[in-house]
Structure formats: structure tokens, C-alpha cells
Amino acid sequence: MSFLTIEHLEKSFGANRVVKDFNLGIEKGEFVSLLGPSGCGKTTVLRMVAGFETPSTGRIAIGGKDVVDLRPNQRNIGMVFQSYALFPNLTVADNIGFGLKVAGKPRAERTARVQEMLKLIGLSELGDRYPFQLSGGQQQRVALARALAPSPHVLLLDEPLSALDAKVRVSLRNEIRAIQKKLGITTIFVTHDQEEALSMSDRIVVMHGGIAEQVGTPFEVYNRPATKFVANFVGMLNTLSAEVIDAATGRVRIGGTEATLRRPLPEGKVMLAARPEMISLGLQPGRDTVLDGTITSVDFFGSVIRLRARVDGSDLAFDMFNTTEEPPPAPGTDVRLSLLASDLLLIGEN
Amino acid sequence: MSLWTRLTAWLALIFGLTYFLLPLIGMAEFSLKMRRGVYSLDAYAKVLGDPRFQETFTYSVVMALFTIAFGVLLVVPTAYWVRLKMPWARPYVEFVTLLPLVIPAIVIVFGYIRLYNTSSWLPLTGTAMGTNVLLMFGYATLALPYMYRAVDTGLRTIDVATLTEAAQSLGAGWITVLGRVILPNVLVAVLSGAFLTFAIVIGEFTMAALLNRPAFGPYLQVLGANRAYEPAALSVIAFAITWACMGLIQLATHLSKHTKAPR
Ligand SMILES: Nc1ncnc2c1ncn2[C@@H]1O[C@H](COP(=O)(O)OP(=O)(O)O)[C@@H](O)[C@H]1O
Ligand SMILES: [Mg+2]
């Protein structure tokens, strides 16, 4: 059985069902992200695990022990908030030591642990500062140290990076993950940022309208989205309408060409999708389907170039790596694009 | 700004200051004239040396301290709870706390005497201690509008809900949350409420007189009815105390560097 188990969790506010039959098992030391658009119920799930909301029904167990009836201060859970929520009247060191003091740990033990934590977050020099004297990134690291100091069973983070600017966000992302791995602490990380979820997590739970639509590794969620919502929400997609010619082998007609997906498809018209990186410019070995189109836009990002081509009346975005030998094709150029038909995702049918 | 507007502004200011200061200056000057022909502090010496003054003043100071303690214990958790769990009730609670400004103290104290007299179910007025407790409740009621507003304003400057949850997740119970997180962060507000309470209690007359307690206010009145120079001296002292309280409020606000809201 998993270390943290959530079974048939439901939460309604009045008539508003915010979380619906949510199930999740998290192994000890695992880093799991709840990913979804704003309002899909991520925070509510997290707050039920922390004990700040009472589930309408369902079970939450940590280490085999049911915690639903425990108060938040009895659950031994570390929590990090988007707004940092440091105690303004306490120094950094006292903030970090707060949980240990509440637990009645002797002063010597507290001091040692606070030093250890300050070192872990790389702020050993700043123990005597007050929160308002720190930058946002520093405050959030202190909040992380404060949550970790009492050695909680589980660490919960609710959009901890959303209030920070882009550069700090990326570096702190890596730092949080490194600390999490080092301590081996079981972690739930809430975010609406797919890049964050994809880059940090062992597994991702993609949520939509209070439902966990898919649970899987970043690789699975990105490459084999279970639902149309997941396909659209995680990563960028090109959609292609196609007509199924042979349902059993997955043979379809896309505009002027035919392709075989090599898996059973429903009869009739279907909506297929391709990630930008599945499509390449020109004929490539191992790509069995060719589409003709005209370049409409070229965006140079540095190492990667994002191009768009008009194929059969719809725009397809695709990427190529920058090379020093050959500039990208100019808008208006007629090009051939190739892809592997079995990579195509099925995202709709009728 | 034209010369004319500036002149008007100055005139208005001077008029206002005269309005407030002239009686004060007159009273202070009068209090120094006990000895014929020269200014002296005789009236002050006499007042301060009067054992009745010492008794009543000590009594009122002690009452003020108890009232402050009671007020803080009553108002901080209440304002906190209303902000945290019943934000919809805030206008109503605020209205209730403003009632003492509308209802005269004499009405309140007659109500008390009716409810808690010796033949009632809770005969508080039967003993001196009981009456003291009753008087303290009365004082707390009078100070409620100021105390509640001060604390509520203080609570507005911090993120009450998130700080509470942060503390709870670190193992803190309600007492710890209130004592170690909420109270320290609204301390300046609590202090300004406390000083206001102090000033109110020191000068209060109606309740203390009707409950027949040896407080400073009634003493001031008795003295005023029978003497000439001492009441003036006493009033100057009372003013000095009030102003010292105001000064302390300012000081507390300035000294609270760490409670500045995060940027
Ligand atoms: N205390 C509450 N009372 C009523 N509705 C709430 C409350 N908390 C959250 N909700 C509603 O629940 C839904 C999910 O909220 P939330 O879990 O915060 O979403 P997310 O964190 O994914 O953005 C939202 O529609 C929100 O309005
Ligand atoms: Mg949220």
C-alpha cells in the first residue's frame, strides 16, 4: 500500500461539487504534482490533506493511519504557501524554529536544527534578518525550511513559485526538487504551470473540474494523454481532421495523403493531434507520412526555431533546431513536412 | 497656493489652536496661583500629598490595568475569530462595539445595578470586590469601540487566515496561534487601544460615582466642588496623563519596525 492514500475523496461547497471521486496513492519519497487550470480543485485537495478542509466523503491515510479526523496541528505535515506566510514578527531563524518550539524541543536541539536548515537553503548568513528584509525568493526558501524543520511526514506546496519572477522561479524550482530528493520527503506540489509540473515531478495528476483525468509520469502524460483535456492542457498541440478509411488498421485520410496509425480507430471522422516536435521539415528517415504546406511564420527562439505551415487550410506548428549551415525557410516557401503516423494522438471522434 | 488661501489656512489653524489651548493655558496658569502674588506649585504639592488623591489614583490605575487585560482578552480573540471564520458578521459586530458611544454610561450603569443588585440572581453589588468587577465590565464596555477598532485595524495589516494555517501546520493549537502569532503582530494596535482605555478609565466619573467606588473621577468632582486651585492642578495632571498616553501610542508605532508589512 502507498504511503499516502487518498480514496474516493469528495468535497462540495454548498451545491458546488469541487472535488469528485479523487483517488491517489503516493509512495514514500515521491514527488507528485497536481496540475490543472485555476479553479479545478487542486488547492481544495491539498487543504483536505493538510486538514484545513473537511472532506464531504472519502478517506485520507498517511503511513497507514487515517487522518481525516485529525486536526491540522496533529497531522505532522509541512505546508508552503504561495504568499510565503512567514511570521512578520519573528526573525528568519525563529520562523524556522517555530515548529520545533511548539513541539517543546530543547533550545540546543532547536538551534542546531535551524542552522542545518539555513545551510540547506543556502541562507546561513541571514538567520537574524526579519522577513521584510528578504527578497521573495529568499522568503519562500525560508518558508520551505520552516515547513521542513520539524521533519514532517508529508510536504505540501501550493503554487509556491507563482508569486516570483521568471528567473527566480526556474532556479527555485530546481532547488526545491534537489532538497526534496536529498531529504527523501513525500511531496505534493500544486501548480497550474505545466512546465513546472513536467520538469519537477515523479508523477503528475492532471485535474479538470474536480476530477483527476490522468495520473502518470511526465513522459506518459505528455506523450500518451488519456483524455482530450490532458492532451490540450499539457504541451502544445496541432489538430488534424481525418477520415477513417480502415478502422481495424487505423488507416486514415488527412487532406491529400493517407496514413496508417497501426491501431484500431473508430469509424467516420476523427480529430487527430500532433506535438510540434513530432513534425519535421523535409523527408526524414523513419517518418512515413508526408504533408505539403506553405510556411506562414518563423519565430527564432535561439537554439529552437518555431515554424508554422499552412496545410489543408489549417496551421501546423513545428520546431527545428538552429544550425549554423542553413537558415530556416522564409514565410511563403512551399515545404514538405513529415511525421510518423503512429505518433498521432486521437483527441476526438464523431 | 495663493497668499490668500495660505493666510486663511493659517488663520483657521490659529483659531483652532486658540480654541483648544486657551482654556488649558488659563487653567494651568490658575493652578499656579495658589500663593498670593507669585506663581508656585503649592496646589500641586497639596494635591499630590493628599492621601485621598493617592488612594483614588492608585485605585483607578489598577482598575485601568485590569480593564486593559480584560479588554485584550475579550477583543483580540473575538476580532480574530470574526475575521477568520465569520467575515459576514463583521458589520454587525462592529455595530455592537459602537453601541457604547450611543448609549450613555448612566443607562448602562443603571442597567447593571438593576440586573446585579443584592436581590438579583447574581448579586455583584453586594460586595466591594463584586462591584469592582462590575465597574471593570462597565469600563471595558466604554473602551470597547476604541479597543475593537484598534485591534481590527491591526488585524487588517496581516494575512490572518494564512498565518493561522501556517502556524497550525507547524503544530500550533489555538492558544499558541493567538499568543505567539496573532497577538505579537497586532501588538501596536493593542497598545494604542490600551492607552486609550487607560485615559478613559482614569477620567471616568459616572459609573464609578453611581457604583460608589473610590475612583479618581469622583474624587476630582468632589474636590472641584469644594476647592479652587487644587482642581485646576488636578485637571492639568489628568491632561498630562492623557497626553502621555497619546505620546506612548506614537512611540509604540514608531518602535515597531519588524511588524511592517512585507513588500
Ligand atoms: N471555502 C470555499 N467556499 C466556497 N467555494 C470554494 C471554497 N474554496 C474553494 N471554492 C471553490 O472551489 C473551486 C476550486 O477551488 P480551488 O481548489 O481553490 O481551485 P484551484 O486551486 O485548482 O485553483 C473553485 O470554484 C472555488 O471557487
Ligand atoms: Mg489554488
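Each value, and the rule that gives it
Residues numbered from 1 in each chain as written. Chains lettered and ligands numbered in written order. Predicted model: local features only at pLDDT ≥ 70, side-chain atom pairs only at ≥ 80, totals over all residues. Heavy atoms only, no water. Helix = DSSP H or I, 4+ residues; strand = E, 2+ residues; numbered from the N terminus. Buried < 20%, exposed > 50% of the residue type's maximum accessible area, 1.4 Å probe, protein only. Contact = heavy atoms within 4.5 Å. Areas by Shrake-Rupley, 256 points an atom, 1.4 Å probe, with all protein chains shown as cover. Lys, Arg positive; Asp, Glu negative; His and termini not counted. Charge placed at Lys NZ, Arg CZ, Asp CG, Glu CD. Polar contact = N/O pair within 3.5 Å; in protein donor to acceptor, adjacent residues only side chain to side chain. Core = buried A, V, L, I, M, F, W, Y, C linked by side-chain atoms within 4.5 Å. Phe/Tyr/Trp six-rings, centres within 6.5 Å; stacked < 30°, edge-to-face > 60°. Lys NZ or Arg CZ within 6 Å of the ring centre and 35° of its normal. Near = heavy atom within 4 Å. Nonpolar A, V, L, I, M, F, W, Y, C, P; charged D, E, K, R; others polar. Buried area = accessible area lost by both parts, 1.4 Å probe. Salt bridge = Lys/Arg side-chain N within 4 Å of Asp/Glu carboxyl O. Pairing = 2+ DSSP bridges. Axes fitted to C-alpha atoms, helices over the stretch in contact; angles between N-to-C directions. pLDDT = per-residue confidence, 0-100.

Side note on the overall build of chain A
And step 1. Looking only at helices and strands, chain A has eight helices and 20 strands in total.
And step 2. Across its three principal axes, chain A shows a C-alpha extent of roughly 75 × 50 × 35 Å.
And step 3. Buried positions account for 49% of the 350 residues belonging to chain A.
And step 4. Taking the contacts inside chain A whose residues are at least 6 apart along the sequence as the reference set, 64% of them involve residues at least 24 apart.
And step 5. Accessible surface for chain A amounts to roughly 15,700 Å². Of this, 50% is attributable to carbon and sulfur atoms.
And step 6. Computed over 39 positive and 39 negative side-chain charges, the inter-centroid distance for chain A is 7 Å.

Structural notes on the side chain of B:Thr197
Residues and elements named next belong to chain B.
And step 1. If you trace the backbone, Thr197 turns up in helix α9 (residues 187-203).
And step 2. A distance of 2.7 Å separates a polar side-chain atom of Thr197 from the backbone oxygen of Gly193.
And step 3. Beyond its immediate stretch of four places on either side in the chain, Thr197 contacts Thr67, Ile68, Ala143 and Met147.

Some details on the nonpolar core
And step 1. With 97 residues, the main nonpolar core has A:Phe22, A:Leu34, A:Phe87, A:Leu156 and B:Leu155 as its most contacted residues.
And step 2. Sort the elements by how many residues they give to this core and helix α3 (residues 51-85) of chain B lands first, with eleven residues.
And step 3. Here A:Phe22 is in contact with A:Ile6, A:Glu7, A:His8, A:Leu9, A:Leu34, A:Val45, A:Val205, A:Met207 and A:Ala212, once residues within four sequence places are set aside.
And step 4. Of all hydrophobic cores here, the second largest spans 33 residues; its members include A:Val80, A:Leu86, A:Leu120 and A:Ile121.

Remarks on the packing of aromatic side chains
And step 1. Applying the stated criterion across every chain, the model contains 17 aromatic pairs over all chains.
And step 2. Where B:Phe70 meets B:Phe137, the ring centres are 5.1 Å apart and the plane angle is 45°; that geometry is what we call tilted. Placement of B:Phe70 in helix α3 and of B:Phe137 in helix α6 (residues 128-156) is noted, with a sequence separation of 67 residues between them.
And step 3. Ring pairing ties together the aromatic residues B:Phe53, B:Phe57, B:Phe216 and B:Tyr219, which thus form one cluster.
And step 4. Lying across the ring of A:Phe87, A:Arg146 places its NZ or CZ 4.6 Å from the centre.

Some thoughts on the site of ligand 1
All names here are of chain A.
And step 1. Within the structure, ligand 1 sits among Phe13, Val18, Pro37, Ser38, Gly39, Cys40, Gly41, Lys42, Thr43 and Thr44.
And step 2. In this structure, Gly41 approaches ligand 1 through a main-chain N or O atom, which is 3.1 Å from an oxygen atom.
And step 3. Compared with its free state, where it exposes 560 Å², ligand 1 has 59% of that area covered by protein.
And step 4. The biggest single contributor to the shell around ligand 1 is helix α1 (residues 42-50), with three residues.
And step 5. A class-by-class count of the residues in the shell around ligand 1 yields four nonpolar, five polar and one charged.

Digging into the interface of chain A and chain B
And step 1. On the chain B side, the residues contacting the 24 residues of chain A number 24 residues.
And step 2. When chain A packs against chain B, the two sides together hide about 2,100 Å² of surface, and 64% of this comes from carbon and sulfur.
And step 3. Applying the counting criterion to the chain A and chain B interface returns one salt bridge.
And step 4. Across the pair A:Arg47 and B:Glu165 runs a salt bridge whose closest N-O atoms are separated by 2.8 Å.
And step 5. At the surface where chain A touches chain B, the tally comes to three residue pairs in polar contact (both at pLDDT 80 or more).
And step 6. Examining the composition of the side of chain A that touches chain B, we find that four residues originate from one element, helix α2 (residues 92-102) of chain A, more than from any other.
And step 7. When the residues that make up the side of chain A that touches chain B are grouped by side-chain class, the tally is 16 nonpolar, five polar and three charged.

Re the sheet that holds strand β2 (residues 16-26) of chain A
All names here are of chain A.
And step 1. Spatially, the four strands line up as an open sheet ordered β2-β1-β4-β5, and their pairing is antiparallel. Among the strands making up the open sheet, the edge pair consists of β2 and β5 (65-66).
And step 2. When strand β1 (residues 4-13) meets strand β4 (residues 57-62), the two strands line up antiparallel, connected through five bridges. Bridge pairing links Leu4 to Ile62 in β4.
And step 3. Across the sheet, α1 is in contact with β1, β2 and β4; its angle to β1 comes to roughly 115°.

Examining the confidence of the model for chain A
And step 1. Predicted confidence across chain A gives a mean pLDDT of 93, with 100% of residues reaching 70 or more.
And step 2. When mean pLDDT is taken per element in chain A, strand β8 (residues 186-191) of chain A scores highest with 98 and strand β20 (residues 345-349) of chain A scores lowest with 81.

Quick word on the sheet that holds strand β11 (residues 238-246) of chain A
Residue and element names in this part refer to chain A.
And step 1. Pairing is antiparallel in the open sheet, where five strands are placed in the order β13-β12-β11-β14-β20. Single-partner strands in this sheet number two, and they are β13 (257-260) and β20. On average, each strand axis in the sheet is inclined to that of its neighbour by 40°, with strand direction left out of account.
And step 2. Alignment of β11 against strand β12 (residues 251-254), held across three bridges, turns out to be antiparallel. Across the sheet, the residue bridging to Asp246 is Arg251, located in β12.

Thoughts on the pairing of β2(A)
Residues and elements named next belong to chain A.
And step 1. With seven bridges connecting them, β1 and β2 associate as antiparallel partners. Each residue of the ladder has a partner; that of Ser12, found in β2, is Arg17.
And step 2. The loop that links β1 with its antiparallel partner β2 comprises two residues; one of these, Gly14, has a positive phi angle of about 60°.

A word on the pattern of salt bridges
And step 1. All told, the structure shown has 25 salt bridges over all chains when counted by the stated rule.
And step 2. In this structure, A:Asp315 and A:Arg310 form a salt bridge, with 3.5 Å as the shortest nitrogen-oxygen distance.
And step 3. When its relative accessible area of 42% is taken as the criterion, A:Arg310 is described as partly exposed.
And step 4. A salt bridge links B:Glu55 to B:Arg52, with the shortest nitrogen-to-oxygen separation between them at 3.8 Å. Taken together, the residues span about one helical turn, with B:Glu55 and B:Arg52 both in helix α3 at a distance of three residues.
And step 5. Here the salt bridges do not stand alone but share partners, grouping B:Arg83, B:Arg90, B:Glu94, B:Arg149 and B:Asp152 into one network.

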